[in-house]
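Next come the chains, spelled out residue by residue.
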Amino acid sequence: MEDLEKEVPQEVKLVVTEEMRSYFYDMSKWARFLSVVGFVISAFLTLGSFGIGAAVTANPGVLNQLGPLAGLGATGITIFYLLLALFFFYPSLLLFRFSTKGKQGILFGDQENFNEAIAHVKSLFKFWGILTILFIAGYFLLLLAVLASGGIK
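All of these numbers come straight from a predicted model, not from anything done at the bench. (Residues numbered from 1 in each chain as written. Predicted model: local features only at pLDDT ≥ 70, side-chain atom pairs only at ≥ 80, totals over all residues. Heavy atoms only, no water.)

Caption draft 1: Up close: the confidence of the model for the protein. Of the residues in the protein, 92% have a pLDDT of 70 or more, and the chain-wide mean is 88. By mean pLDDT, the top-scoring element of the protein is helix H4 (residues 111-148) (95), and the lowest-scoring one is helix H1 (residues 2-5) (58). (pLDDT = per-residue confidence, 0-100. Helix = DSSP H or I, 4+ residues; strand = E, 2+ residues; numbered from the N terminus.)

Written as structure tokens, this is what we have:
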């Protein structure tokens, strides 16, 4: 009877099948592709931010063509596009790290790299979750501001 009471719970082990390994390897390849595309977009946004800022500084008439962004001025537009580039760069970096560590973990059976790959995916989802919450809160605040000002006329 005492043996039953002192029974130690057994450790739960996850079984990773060859099919799951294949899926994970494919995910790593697609993550690499998406991260490279994100890096390219980020680079174009960075170059464009300085190009637009220089164009506005050289010819203030260009500012009239930018619509709502015109109020920011050349420096504000440059900062806006640099922030936009950062929003593309960070998730792309996480995807790239996931791809690299995940591929190494699967190909070589390296548990540490596999754990790091999963941690990068967790960080990616956390980033997009926080960004989504911020956008929802922003839309809600914008809706409140419109309603408080008497609505759209």
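Caption draft 2: The arrangement of the packing of helix H3 (residues 73-108) against H4 in detail. Packing of H3 against H4 leaves a shortest axis separation of 7 Å and a crossing angle of 160°. By the angle between their directions, the pair H3 and H4 is classed as roughly antiparallel. The chirality of how H3 crosses H4 is left-handed. Note on element contacts: H4 touches H3 through Asn113, Phe114, Glu116, Ala117, His120, Val121, Ser123, Leu124, Phe127, Trp128 and Leu131, opposite Phe87, Tyr90, Pro91, Leu94, Leu95, Arg97, Phe98, Lys101, Gly102, Gln104, Gly105 and Ile106. Among the residues forming the contact of H3 with H4, the class breakdown is 14 nonpolar, six polar and three charged. (Axes fitted to C-alpha atoms, helices over the stretch in contact; angles between N-to-C directions. Parallel < 35°, antiparallel > 145°, perpendicular 65-115°, else oblique. Left-handed = near helix turned anticlockwise from the far one by under 90°. Contact = heavy atoms within 4.5 Å. Nonpolar A, V, L, I, M, F, W, Y, C, P; charged D, E, K, R; others polar.)

Caption draft 3: The arrangement of the side chain of Ser49 in detail. With respect to the secondary-structure elements, Ser49 resides in helix H2 (residues 18-58). Polar contacts involving the side chain of Ser49 include one to the main-chain carbonyl oxygen of Thr46, which spans 2.6 Å. Discounting residues that sit within four places of it in the chain, Ser49 has contacts with Thr78, Tyr81 and Leu82. (Polar contact = N/O pair within 3.5 Å; in protein donor to acceptor, adjacent residues only side chain to side chain.)

Caption draft 4: Inspection of a nonpolar patch on the surface at higher detail. There is a patch of nonpolar side chains on the surface, built from Trp30, Phe33, Leu34, Val37, Ile41 and Phe88 and spanning about 570 Å² of accessible area. Element by element, the count of residues in the nonpolar patch is highest for H2, at five residues. Mapped onto the fold, Val37 is located in helix H2. By relative accessible area, which is 34% here, Val37 ends up partly exposed. (Patch = residues over 30% accessible without salt bridge, like charges linked within 9 Å, V, L, I, M, F, W, Y side chains within 5 Å. Areas by Shrake-Rupley, 256 points an atom, 1.4 Å probe, with all protein chains shown as cover. Salt bridge = Lys/Arg side-chain N within 4 Å of Asp/Glu carboxyl O. Buried < 20%, exposed > 50% of the residue type's maximum accessible area, 1.4 Å probe, protein only.)

Caption draft 5: Up close: the packing of aromatic side chains. Considering all chains together, one arrives at nine aromatic pairs under this definition. Look at Phe24 and Phe114: their rings are 4.8 Å apart centre to centre, the planes differ by 50°, and that puts the pair in the tilted class. Residue Phe24 is found in helix H2, and its partner Phe114 is found in helix H4; the two are separated by 90 residues along the sequence. Phe24 sits in the buried class, given a relative accessible area of 8%. Note on Phe87 and Phe127: the rings are 6.3 Å apart at their centroids and 40° apart in plane angle, and the pair reads as tilted. Of the two residues, Phe87 sits in helix H3 while Phe127 sits in helix H4, which places them 40 residues apart along the sequence. Residue classification places Phe87 among the partly exposed positions, given a relative accessible area of 39%. (Phe/Tyr/Trp six-rings, centres within 6.5 Å; stacked < 30°, edge-to-face > 60°.)

Caption draft 6: Layout of the nonpolar core. Counting eight residues, the largest nonpolar core is built from Phe24, Ala31, Leu94, Leu95, Phe98, Ile106, Ala117 and Leu124. Those elements that provide at least two residues to this core are H2, H3 and H4. With four residues, the top contributor of residues to this core is H3. Apart from residues lying up to four places away in sequence, Phe24 is in contact with Phe98, Gly102, Ile106, Phe114, Ala117 and Ile118. (Core = buried A, V, L, I, M, F, W, Y, C linked by side-chain atoms within 4.5 Å.)

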